[in-house]
Amino acid sequence: MCIRIAVVDDLPDPAIWDPDEVTILVAGDTHHHDLIREVHALLTDLGAPTTGAGLTCFCGDPVSLPANLLPQPAGATPL
């Protein structure tokens with residue numbers, strides 16, 4: 001089973017591992033650079049491959065952050 005990312009309110013950290021749901025909970029108000037760094041560290045701790053670009057699950061599949069957490073290009077309509 002691949003790891004999922006879920007946005008929640010009121011987290012004490014930018015990203016937290018929830019083993020019961022095989023989910024990384026992320027704070028929606030965290031800057032995307034900090035969030036990517038935190039999620040990458042959690043995935044590495046869980047045994048995900050550390051080579052290559054992007055976020056990777058421990059099974060080798062790519063892990064995507066929800067689109068509303070990523071910066072939008074100038075002039076783009078918010079999701």
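What comes next is a walk through the structure. (Residues numbered from 1 in each chain as written. Predicted model: local features only at pLDDT ≥ 70, side-chain atom pairs only at ≥ 80, totals over all residues. Heavy atoms only, no water.)

**A closer look at helix α1 (residues 32–45)**
Across its 14 residues, α1 extends 20 Å between first and last C-alpha, which sits within 8% of the 20 Å expected from 1.5 Å per residue. Residues H32, L35, V39, L42 and L43 constitute the buried set of α1. Buried residues of α1, seen end-on, are gathered within an arc of 100° and therefore sit on one face of the element. Exposed and oriented more than 90 degrees from the buried face of α1 are H33, R37 and D45. (Helix = DSSP H or I, 4+ residues; strand = E, 2+ residues; numbered from the N terminus. Expected span 1.5 Å × (residues − 1). Buried < 20%, exposed > 50% of the residue type's maximum accessible area, 1.4 Å probe, protein only. Arc of directions from axis to C-beta.)

**Comments concerning unusual backbone geometry**
In the Ramachandran plot, D10 falls in the positive-phi region, its phi being about 60° despite a non-glycine side chain. Positionally, D10 belongs in the loop between β1 (4–8) and β2 (15–18). One non-glycine residue, V22, lies in the positive phi region at around 50°. Looking at where V22 falls in the secondary structure, it is placed in the loop between β2 and β3 (23–27).

**A short note on the nonpolar core**
Of all hydrophobic cores here, the largest spans 16 residues; its most connected members are I5, A15, I24, V26, L35, V39 and L43. Mapped by element, the contributors of at least two residues to this core are β3 and α1. Take this core: its biggest share by element is four residues, from α1. Aside from chain neighbours lying at most four places away, what touches L43 is I3, I24, A48, L55, T56, C57 and V63. (Core = buried A, V, L, I, M, F, W, Y, C linked by side-chain atoms within 4.5 Å. Contact = heavy atoms within 4.5 Å.)

**Re the sheet that holds β2**
Spatial ordering of the open sheet is given by β1-β3-β2, a layout of three strands whose pairing is mixed. Whereas interior strands pair on both sides, the edge strands pair on one side only; in this sheet they are β1 and β2. Along the sheet, successive strands turn relative to each other by an average axial angle of 30°, direction set aside. Here β1 runs beside β3; their pairing, made up of five bridges, is parallel. What sits directly across from I5, in β3, is I24. (Pairing = 2+ DSSP bridges. Axes fitted to C-alpha atoms, helices over the stretch in contact; angles between N-to-C directions.)

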